[in-house]
Amino acid sequence: FGVNSKVVIVGCGISGVAAAHRLVKAGFHHVRILEATARSGGRIRTGRLGDNIIEIGANWIHGPSEENPVFCLARQYGLLDPEALTTENQTMDIGGHPPWVPNIFTSSGRKLNAEDFDPAKEMFIELLTESSDFQSKGGEPCASVGDFIRSEVKQRAAEKWKDADAATRSLRLCLISTMLKVECCVNGTHSMDEVGLGGFGLYETLPGLDCTFPSGYEDLIKNLMSELPADLVTYNRPVRCVHWNSTENGVNTVTVECDDGERVAADHVIVTLPLGYLKKHHQALFHPPLPLHKLHSVQRLGFGTNNKIFVEFDLPWWDADCEVIYFSWEDEDAMVDQVPDVHRSWIKKLFGFTVLKPTERYGHVLCGWIAGHESEYMETLPEQEVMQNITQLIRRFTGNPTITPRRVLRSQWFHDPWTCGSYSFPGRGCSVQDLENMMEPLPTKGSQAKPLQVLFAGEATHPYFYSTVHGALLTGWREADRLISHCTTVSQSEPHK
Ligand code: 6YU
């Protein structure tokens, strides 16, 4: 009992590492992490493109300020640029919309001025803000954010843009399509039609201008891991099934069964598996199965794909101050964020690129962003074919037939068998209850069986910071604290033997 309890953590992403860290610091000495792959970090994954450091998974610390534990740890470990540490940076409240300098190109090879973009951008941001408000008000008029934005733009454009000519209005609607695609990447969804309007406002932002890890996000994992016993993690050890409520000598136990047949007995198991993995494998993964209300929440919450395509150039073809490049298709004034023929036109889903800055550190590297089924299809193509499609696209939109990338590297999060996508979002009909169900331990309340046999952490179990690293980290701490307080109470009430 108490610190002698055997705790098994399934998954060595940030939430698993955070849970182990907390338990070990509290004196628990039978903590073990079982990880399917050969590395720690999960969706925090730093790679290389030539000489440049790139982030295959998580990119930014969203809202780097005092309330953000990832920021505080990164500062403590000395992992951030001085600029990120300034009060000015920490207090900037961007509400999830970084004030990036854009370059905007259209499919006929035109470069737009910021003024051409502003009316559509303003209306879009206004509607996103209104979409978030339904969470507190209730009684939303449509099921999804996509439906709401489309119907409102139609009405508002008729009034606000009545003096604009037909071509200008059409261009603005095409720009709305581009922004819907941006938002698909932000939310990790196939389409904004899949993101529930009632649940959209659950996500909360923190103050601070998003910053990156100059030597890679994995530095955070390395620093945390260096404070844990070296043999705490067993790598290449996928878990096949968690047997809970099984009875041995009249006492409930949990047994974790691994793919290689190893069976690990535990008092408590913390499951930190990605929601995509849970959706696909829940049936085989839990014995007995998950209670129905928990299963329904696993199904109702969304988990889609957002991938990156890194492209390096000898020379920049964007402005020196440019931070984001948008591509807008002039045939998309129907406000679409889905491509009708995925195999032929998947590239249309790519909204554009963010520019890796500063240039002295990264060279001339862009990060392309593509979400949804189009992105999942892109993963199946040879990298050479992805590079050809990207080259054609850039040449068309810039009108410059000589632009040639030096090299390309893309992420493949959907086909990663241990992740099955990128991150979670509230689907249609989702409410905070679904996130609460996600984090509820097994057996659920009211059961006479031994409590806290299986606990749940991971980004998809945070009620308002889901889809982020800080959300995932907090859930690891939350479940460790749940166990610490439970084990302390139990060991205090146990008669001394
Ligand atoms: C953030 C960002 N970021 C981009 C991309 C991705 C994600 N995120 P893990 O998966 O890490 O760990 C589970 C482990 O389990 C793993 O090691 C597996 O191998 C293992 N496992 C699986 N099966 C197993 C088995 N059977 N047995 C044993 N082990 C098994 N977050 O803060 N900043 O910039 C981004 C981004 C491409 C893919 C991101 C970002 C999400 C984080 O990466 C993610 O939440 C955490 O790393 C997850 O940690 P974990 O421990 O839970 O799981 C308004 C509004 C809208 C709302 N959304 C806005 C939010 C914006 C989110 N943006 C993200 C954007 C980017 C670019």
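Everything here concerns the structure above.
Reading guide: rules and limits
Residues numbered from 1 in each chain as written. Predicted model: local features only at pLDDT ≥ 70, side-chain atom pairs only at ≥ 80, totals over all residues. Heavy atoms only, no water. Near = heavy atom within 4 Å. Polar contact = N/O pair within 3.5 Å; in protein donor to acceptor, adjacent residues only side chain to side chain. Areas by Shrake-Rupley, 256 points an atom, 1.4 Å probe, with all protein chains shown as cover. Helix = DSSP H or I, 4+ residues; strand = E, 2+ residues; numbered from the N terminus. Nonpolar A, V, L, I, M, F, W, Y, C, P; charged D, E, K, R; others polar. Pairing = 2+ DSSP bridges. Contact = heavy atoms within 4.5 Å. Axes fitted to C-alpha atoms, helices over the stretch in contact; angles between N-to-C directions. Phe/Tyr/Trp six-rings, centres within 6.5 Å; stacked < 30°, edge-to-face > 60°. Lys NZ or Arg CZ within 6 Å of the ring centre and 35° of its normal. Parallel < 35°, antiparallel > 145°, perpendicular 65-115°, else oblique. Left-handed = near helix turned anticlockwise from the far one by under 90°. 1 Å grid on protein atoms, 1.4 Å probe; cavity = no way out; pocket = protein on both sides within 12 Å on 5 of 7 lines; lining within 4 Å. Points joined across faces, edges and corners; volume = space filled by probe spheres on them.

Novice: Looking at this structure, I do not really get the site of the ligand. What am I missing?
Specialist: Neighbouring the ligand are 43 residues; S15, E35, R43, W60 and V469 lie closest to it. Between the ligand and E459, the relevant distance is 2.9 Å, taken from an oxygen atom to a main-chain nitrogen or oxygen of the residue. Between the ligand and the protein, one listed contact pairs an oxygen atom with a backbone N or O atom of T468 at 3.1 Å. The fraction of the free accessible surface of the ligand (1300 Å²) that becomes covered by protein chains is 96%. The set of elements that each furnish at least two residues to the shell around the ligand consists of α1 (14–25), α7 (166–187) and α16 (469–493). The residue makeup of the shell around the ligand, split by class, is 24 nonpolar, 16 polar and three charged.

Novice: Is there a simple way to think about the sheet that holds strand β12 (residues 286–287) in this case?
Specialist: Whenever strands of a sheet pair, they do so through backbone hydrogen bonds, lying parallel or antiparallel. Pairing is mixed in the open sheet, where four strands are placed in the order β10-β9-β8-β12. Of all the strands in the sheet, just β10 (263–266) and β12 have a single pairing partner and so form its edges. With seven bridges joining them, strand β8 (residues 239–248) and strand β9 (residues 251–258) adopt antiparallel strand pairing. The residue bridging V239 from the neighbouring strand is C258, located in β9.

Novice: Please explain the sheet that holds strand β17 (residues 364–371) as it appears in this structure.
Specialist: Pairing within the open sheet is mixed, and its seven strands lie in the order β6-β5-β15-β16-β17-β14-β18. Of all strands in the sheet, those with a lone pairing partner are β6 (111–112) and β18 (407–410), marking the two edges. α7 rests against β5 (102–106), β6, β14 (306–313), β15 (324–328) and β17 of the sheet, and its axis sits at about 125 degrees to β15. Packing against the sheet, helix α14 (residues 383–398) makes contact with β5, β14, β15, β16 (352–355) and β18, and its axis sits at approximately 115 degrees to β18.

Novice: Would you take a moment to explain the packing of aromatic side chains for this structure?
Specialist: Two numbers describe a pair of aromatic rings. These are the distance of the centres and the angle of the planes. Overall, the coordinates contain 20 aromatic pairs when judged by the stated rule. Three or more aromatic residues joined by ring pairs make a cluster, and in this case those are F105, F313, W317, W318, F327, W329, F353 and F397. Geometry around W161 places R172 over its ring, the cationic atom sitting 5.3 Å from the centre. Its guanidinium or amino end placed over the ring of W329, K348 lies 4.8 Å from that ring's centre, counting from NZ or CZ.

Novice: Where do I start with the packing of helix α9 (residues 275–285) against helix α10 (residues 292–300) in this structure?
Specialist: The description of two helices packed together rests on the angle between their axes and the distance between the axes. Running from amino to carboxyl end, α9 crosses α10 at an angle of 125 degrees, the nearest separation of the two axes being 9 Å. Between α9 and α10, the angle is such that the two are oblique. For the element pair α9 and α10, the recorded crossing hand is left-handed. Facing L275, L278, K279 and H282 of α9, the residues of α10 in contact are L295, V298 and Q299. A breakdown of the residues in the contact of α9 with α10 according to their chemical character gives four nonpolar, two polar and one charged.

Novice: Would you explain empty space enclosed by the protein in this entry?
Specialist: Empty space among the atoms becomes apparent when a probe as large as a water molecule is rolled across them. Under the definition given, this model contains two cavities of 30 Å³ or more. Here the largest cavity is characterised by a volume of approximately 60 Å³. For the lining of the largest cavity, the per-class residue count stands at nine nonpolar, three polar and two charged. Within this model, the second largest cavity holds a volume of roughly 30 Å³. Together, L278, L290, K294, V298, M438 and F456 line the second largest cavity.

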